[in-house]
Amino acid sequence: MSLAGDSPMRVHENTFGPAKFLQDSIMLLPKGRVLDVAMGKGSNAVFLAKMGFDVQGVDISSDAVRDSLEAARKAGVAIKAEVADLEGDYVIRKGAYDVIICFRYLQRSLIPQIKEGLRRGGMVVYETFTVDQVRFGKPSNFEYLLKYNELLHLFLDFRCRFYQEGILETGKAVARLIAEKS
């Protein structure tokens, strides 16, 4: 995928390893401290650590956090990772991060914390499913699916550096955003 205008219908999404969107976007991101929200098994966190970022991740699954730390060790990089319930008492520290990434996870109540967690000039990289995903299977609960243009509207107070919404060749309906806190 090129950020310069490939059709969303022609994008191929790699489900193993780091997200292609993140890989393609790496040159836009300021070096520094990264938070990976709902990090899963840590493929994005490990990728960013390999690229020289100081990465911290959080996930509700202790197995996923353990796997991410093991993946980092095998890759020869260090990441920090913690088990926490994002819907519980977890709090993103204000002004602590240069980049916050979130892939395949939607918790609307966390958006204000993501915004506040970024330093001025920091970037959010967000990719998750849209309502069109119900045509292709899970996730299919509308509570966890973005409405059309919703991701863009959630970050209207940021400078949008990239936005795309559509259906991938793999049959996944997603919205993608890179936005800068000014």
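Calculation rules
- Residues numbered from 1 in each chain as written.
- Predicted model: local features only at pLDDT ≥ 70, side-chain atom pairs only at ≥ 80, totals over all residues.
- Heavy atoms only, no water.
- Helix = DSSP H or I, 4+ residues; strand = E, 2+ residues; numbered from the N terminus.
- Buried < 20%, exposed > 50% of the residue type's maximum accessible area, 1.4 Å probe, protein only.
- Salt bridge = Lys/Arg side-chain N within 4 Å of Asp/Glu carboxyl O.

**Brief notes about the environment of Gly-17**
Stage number 1. With respect to the secondary-structure elements, Gly-17 resides in the segment before helix 1 (20-25).
Stage number 2. Take Gly-17: its relative accessible area is 35%, and that puts it in the partly exposed class.
Stage number 3. C-alpha of Gly-17 to C-alpha of Met-123: the two residues are 106 residues apart in sequence and 22 Å apart in space.

**Topic: the pattern of salt bridges**
Stage number 1. Applying the stated rule across the entire model yields 12 salt bridges.
Stage number 2. A salt bridge links Arg-66 to Asp-63; its shortest N-O distance comes to 3.0 Å. Of the two residues, Arg-66 and Asp-63 are both situated in helix 3 (residues 62-75); the distance of three residues between them amounts to about one turn of the helix.
Stage number 3. For Lys-94, the salt bridge identified is with Glu-116, shortest N-O distance 3.9 Å.

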